[in-house]
Amino acid sequence: MSRKKKVDSFDASVRNNFNMISPGANVVLMIVMIFLAALVVLPLVLIVIVSFSSSLSIAHRGYTFFPEEWTLMGYQYLFKSGEQVLQSYLITIFYAVAGTVLSLIIMSMFAFVLSQKQLKGRMFLTFFMYLTMLIHSGLVARYIIYTQVYHIYDTIWVFLLPGLVGGYNIFILRTFINTTIPDSLFEAAKIDGATDFTVYVKIVMPLFKAGLATIGLFRVVGIWNDWFTGFMYAEKSWLIPLQTMLIKIQKNVDFIMSNSELANSPDGLELIKNLPKQSMQMAIFVISTIPILCAYPFFQKYFISGLTIGSVKG
């Protein structure tokens, strides 16, 4: 065996030994990971159990994994709103899907433009986008613009247009293009006669899945959890998103619980006694969280690779 082969064999064995984990360390790591996973999962399980617990059980034993009595009162009170819950669910799903798709299309195009080093005015566009991350309009100015300039108050567009572009997300997508797609690929496509739009559709987009999935997950979660837009800019019932509707239900319950006139009447006392406040709060959390928990596994593979953009160069 030659000296070079011996050196290569030694280097390989050293790398393998360096990367190996001893059985004891492996057991310790597994215990730590199981403990960390339990810290995440057990509170979610407790919330689900409490949402099915009766008010009497919560009053006697507090929040526990083993309630004295199981009930659906929290969910029944929520669904007393009838079709409004289902309607809010559907419109929120529409906001999340349509808003995310439109946002990804616009931001990916912008990021592709900023990644082209030969583009004139590229630095100005980059600085302009960076400026939007530093300067934010106030609430009053935003309200005037939405109502007096754009005229999108109490329309479906107030949920789709304002968050369409985000400077931070565009910079992430631009970095992804610069670090994962070589310039020679763009040059070869241009030599073959491809237009910029063809390069974007046939080259960038197929290689762009991890970046799009990462930003897409951020956008879906942001739109799904947005309650303020519906609270400020929507009056029609069919436009009210799920989070806004659930907050309004919670406020109604708080009002009933704190109303002194109701508390001084026999009927009011009975009503307050039967209101499933704690279980309903947990039911609100379950209803608003389950869709996102179900959607996350579909993004997970691309999400992990997207978070490591530029961290490893080969």
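A. Just the overall build of the protein chain, in detail. Along the backbone of the protein chain there are 16 helices and zero strands. Burial status across the protein chain gives 35% buried among its 314 residues. Accessible surface for the protein chain amounts to roughly 19,600 Å². Of this, 68% is attributable to carbon and sulfur atoms.

B. Spotlight on the confidence of the model for the protein chain. Overall, the predicted model of the protein chain reaches an average pLDDT of 78, with 79% of residues at or above 70. Per-residue pLDDT stays below 50 along residues 310-314; that stretch engages in one contact with residues further than four places along the chain or on separate chains.

C. Seen up close, the pattern of salt bridges. Under the definition given, this model contains three salt bridges. Linking Lys190 and Asp196 is a salt bridge whose minimum nitrogen-to-oxygen distance equals 2.9 Å.

D. Broad picture of the nonpolar core. If you look at the biggest cluster of nonpolar residues, it comprises 35 residues, and the most contacted ones within it are Leu78, Tyr95, Leu242 and Met245. When contributions to this core are tallied by element, the ones reaching two or more residues are helix 2 (23-51), helix 4 (73-78), helix 5 (83-114), helix 11 (209-224), helix 13 (242-258) and helix 16 (277-307). It is helix 16 that provides the largest number of residues to this core, a total of seven residues. The residues contacting Leu242, other than those within four sequence positions of it, are Val85, Ser88, Tyr89, Thr92, Trp224, Ile287 and Ser288. Formed by 24 residues, the second largest nonpolar core is a distinct cluster that contains Met107, Ile170, Ile172 and Leu173.

E. The side chain of Ser103, seen in detail. Looking at where Ser103 falls in the secondary structure, it is placed in helix 5. Given a relative accessible area of 0%, Ser103 falls into the buried group. In contact with Ser103, other than residues within four places in its own chain, are Gly163, Leu164 and Arg219.

F. Representation of the environment of Gln278. Among the structural elements, Gln278 can be located in helix 16. Along the primary structure Gln278 and Ser55 are separated by 223 residues, whereas in three dimensions their C-alpha atoms are 7.1 Å apart. For Gln278, the residues in contact, after removing those within four places along its chain, are Ile58 and Tyr63.

G. Structural view of the packing of helix 5 against helix 6 (residues 122-134). Contact pair helix 5 / helix 6: the axes reach a minimum separation of 10 Å and the direction vectors enclose 135°. Here helix 5 lies oblique to helix 6, going by the angle between them. Contacts between helix 5 and helix 6 involve Phe110, Val113 and Leu114 from the first element and Arg122, Leu125, Thr126 and Met129 from the second. Per-class residue counts for the contact of helix 5 with helix 6 are five nonpolar, one polar and one charged.

H. Structural detail: unusual backbone geometry. Positive phi, close to 55°, is recorded for His151, a residue that is not glycine. Here His151 lies in the loop between helix 7 (139-149) and helix 8 (167-180). The exposure class assigned to His151 is exposed, which follows from its relative accessible area of 55%. With phi around 60°, Asp154 is a residue other than glycine that occupies positive phi space. Looking at the element boundaries, Asp154 is found in the loop between helix 7 and helix 8. Residue class for Asp154 comes out buried when judged on its relative accessible area of 12%.

Parameters and conventions
By convention here, each chain's residues receive numbers from 1 onward along its written sequence. In keeping with the predicted nature of the model, local features appear solely for residues at pLDDT of at least 70, side-chain atom pairs appear and are counted solely at 80 or more, and the whole-chain, interface and lining totals rest on all residues. Side-chain metrics in this entry use all non-hydrogen atoms of the structure; hydrogen atoms and water are not considered. Numbering goes from the N terminus for both helices and strands, where a helix is a DSSP run of H or I of at least four residues and a strand is a run of E of at least two. Type-normalised accessible area, obtained with a 1.4 Å probe on protein chains alone, sets the label of each residue: buried when under 20%, exposed when over 50%, and partly exposed for intermediate values. Reported accessibility uses the Shrake-Rupley method at a 1.4 Å probe radius. Residues are deemed covered only where the shown protein chains occlude them. pLDDT measures the predictor's confidence residue by residue and takes values from 0 up to 100. Here a residue-residue contact requires only that any non-hydrogen atoms of the pair lie within 4.5 Å. In what follows, salt bridge is the name for a side-chain nitrogen of Lys or Arg lying within 4 Å of a carboxyl oxygen of Asp or Glu. Definition of nonpolar core: a set of buried residues of the types Ala, Val, Leu, Ile, Met, Phe, Trp, Tyr and Cys, connected through side-chain atoms within 4.5 Å. Axis angles are defined between N-to-C directions and span 0 to 180 degrees, where every axis is a line fitted to C-alpha atoms and, for a helix, only to the segment in contact. Oblique is the label for any angle not under 35 degrees, not over 145, and not in the 65 to 115 range, which are roughly parallel, roughly antiparallel and roughly perpendicular in turn. In this classification, the charged set is Asp, Glu, Lys and Arg, the nonpolar set is Ala, Val, Leu, Ile, Met, Phe, Trp, Tyr, Cys and Pro, and all remaining amino acids, among them Gly, are polar.

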